[in-house]
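# Secondary and tertiary structure notes
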Amino acid sequence: MTAPEAGDQVHTATVTLTVNGESRALEVDTRTSLLDLLREHLGLTGSKKGCDHGQCGACTVLIGGRRANACLALAVAHDGAEVTTVEGLADGDALHPLQDAFIRYDAFQCGYCTPGQLCSAAGMLTEGGPSAVTADLTGDPALTPGEIRERMSGNLCRCGAYVNIVRAVTAVSTAGTEP
Amino acid sequence: MTTRHPPGSPGSAAVEFLRPRSLSQALAAKAELQDALPIAGGTDVMVEINFGKRRPAALLDLTGVRELRGWQRDGALLRVGSGVTYTRLEAELAGLLPGLAMAARTVGSPQIRNRGTIGGNLGAASPAGDCHPVLLAAGAAVEAGSVRGARLIPADAFFLGPKRSALADDELITAVLVPPAPGPQQFAKVGTRNAMVIAVCSFALELRPGAGVGTGIGSAGPTPLRARDAEDFLAAELAGSGLWESREPLPGAVARRFGELAAAAARPVDDVRGSAAYRRHALSVLARRALGWAWDSYRKEGHLCG
């Protein structure tokens, strides 16, 4: 979050959101991103601030069930929104199938990008239709490794765990255990 | 509008936040606060805010304006609301506007496409905006609304310079009016990888069987451009040689010349993404390939129609 400069007149607004099933009302600076709201105001530090301009995907959350970069979402524009972060994927102690698959397939090294990868994959498994790499644009293509790579292309992993991320996502998509 | 505050004192960097609930409220707000920056998906605006590059006096959040979020037929045209996201262009308009859907599929990442809108792409007026070449090729018009009324700005008169458009200070982009594709459309783009890139250059093409050709060049000039000489050349060749009727293979010399003329229409500069010479060369290749793909589809359609 950009710190207010001396002499700044800070405008605030109240925003009410449902985060991981819980209703939260906060008063925030109107410039606050959803990412800063989650991390700084709610203490949900799972979503990571990698680049703060939508390039890395480490802040990916689900807004209304669809994946989005929390750093590019203006918090006060999301009054009434339903947000799911990585903290909300598991059902109590039962891991989300993607979390379980990421562990089983060793789909990370340092883990920094993992919350974003998980939320992105969870969103991706609910999205259909052709992508930029689909040859036949009239159908709903199978989730081949190539399709998964294209559909996960908004999430960078500097450790280069892509090979096993693709395996983990493939395992969940073929098991039909997607949420 | 939830948070009206009095305008800040001189030198204040506070951001007033306006959240209109209807188009009339949005237009009234824009008329009253003309330097308010419209924000929809936020995928452009938030980058500038997060990095302190821009401190708009006010943000005008358009996500609550229902009128901007739909698309429908409007006589012979399609009226695509400015708040329609790239994801919806891909999912809902691939049949009617295939070129626009193709361009939408190459924007940013799925996360960006779920949020970013066609109106935001136009409003930013970047020479590299992915929708722009397609809208130029399709002969689209941008609908600008204000409390004074609505007007249509042809796409090829909308872009005035880098990040400058013909939009007046009190106007908002309300919709894009575009004819459903009369024939094959194509979009091709060069970048350093497939995802998350700003185009090094891009090219869009529309074939209008029996009637002509539309083109659009992206990221190779101060604004998106039409390649008018290439359009005229190809339209004359297709009509003069009876190719629209015969659907014969396109002579290689015609495709090459079309590529050369498309490249000649560009006004590229050297920058971090590529040199002017590379952009010109890449454009000639993109234009030739796009034409090949579009002509192949046209020939196949003819085969299917018997």
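Note that the coordinates shown come from a computational prediction; the quantities given were computed from them, not determined experimentally. (Residues numbered from 1 in each chain as written. Chains lettered and ligands numbered in written order. Predicted model: local features only at pLDDT ≥ 70, side-chain atom pairs only at ≥ 80, totals over all residues. Heavy atoms only, no water.)

A few words on the sheet that holds strand S5 (residues 82-84) of chain A. Residues and elements named next belong to chain A. An order of S2-S1-S5-S3-S4 is seen for the five strands of this open sheet, with the pairing classed as mixed. For this open sheet the edge positions go to strand S2 (22-29) and strand S4 (66-69), each flanked by a neighbour on one side alone. Averaged over all pairs of adjacent strands, the angle between their axes in this sheet comes to 40°, without regard to strand direction. Of the pairings in the sheet, the one linking strand S3 (residues 60-63) to S5 comprises two bridges and is antiparallel in character. Within S5, the residue paired with isoleucine 63 across the bridge is valine 83. Most of the contacts of helix H1 (residues 34-41) go to S2, to which it runs at about 105°, and overall it touches strand S1 (12-19), S2, S3 and S5. (Pairing = 2+ DSSP bridges. Helix = DSSP H or I, 4+ residues; strand = E, 2+ residues; numbered from the N terminus. Axes fitted to C-alpha atoms, helices over the stretch in contact; angles between N-to-C directions. Contact = heavy atoms within 4.5 Å.)

Let us now look at the domain arrangement of chain A. Frequently, the measure chosen for interface size is the accessible area removed from exposure when the parts meet. Residues and elements named next belong to chain A. Domain boundaries assigned for chain A yield domain 1 (12-88) and domain 2 (97-174). The gap between the C-alpha centroids of domain 1 and domain 2 is 22 Å. Contacts between the two partners involve 17 residues from domain 1, matched on the other side by 17 residues from domain 2. Summing the contributions of domain 1 and of domain 2, the shared interface buries around 1,200 Å²; its carbon and sulfur component is 53%. Interface area lost by domain 1 to domain 2 is led by Thr60, Arg67 and Val86, which between them contribute 45%. The residue glutamate 127 makes a salt bridge to arginine 66 at a minimum N-O spacing of 3.9 Å. (Domains from an automatic or database assignment. Buried area = accessible area lost by both parts, 1.4 Å probe. Salt bridge = Lys/Arg side-chain N within 4 Å of Asp/Glu carboxyl O.)

Right, let's talk about the domain arrangement of chain B for a bit. Residue and element names in this part refer to chain B. Split by domain assignment, chain B resolves into domain 1 (2-60), domain 2 (68-178) and domain 3 (185-301). Computed over C-alpha atoms, the centres of domain 2 and domain 3 are 20 Å apart. For the pair domain 2 and domain 3, the summed buried surface comes to about 1,900 Å²; carbon and sulfur atoms form 63% of the total. Contact with domain 3 buries area across many residues of domain 2, yet Pro127, Pro133 and Ala137 alone supply 27% of it, more than any other trio. The interface formed by domain 2 and domain 3 contains three salt bridges. Of the charged contacts, one joins lysine 189 and aspartate 130 as a salt bridge, the two residues approaching to 2.9 Å between their closest N and O atoms.

Okay, the environment of B:Thr117 next. Residue and element names in this part refer to chain B. If you trace the backbone, threonine 117 turns up in the loop between helix H5 (110-115) and helix H6 (118-124). With 68 residues separating them along the chain, threonine 117 and glutamine 185 place their C-alpha atoms 21 Å apart. Ignoring any residue separated from it by four or fewer positions in sequence, one finds threonine 117 in contact with Ala40, Gly41, Ser82, Gly83, Val84, Thr85 and Tyr86. In terms of polar contacts, threonine 117 uses its side chain to reach the backbone amide nitrogen of glycine 120, at 3.0 Å. (Polar contact = N/O pair within 3.5 Å; in protein donor to acceptor, adjacent residues only side chain to side chain.)

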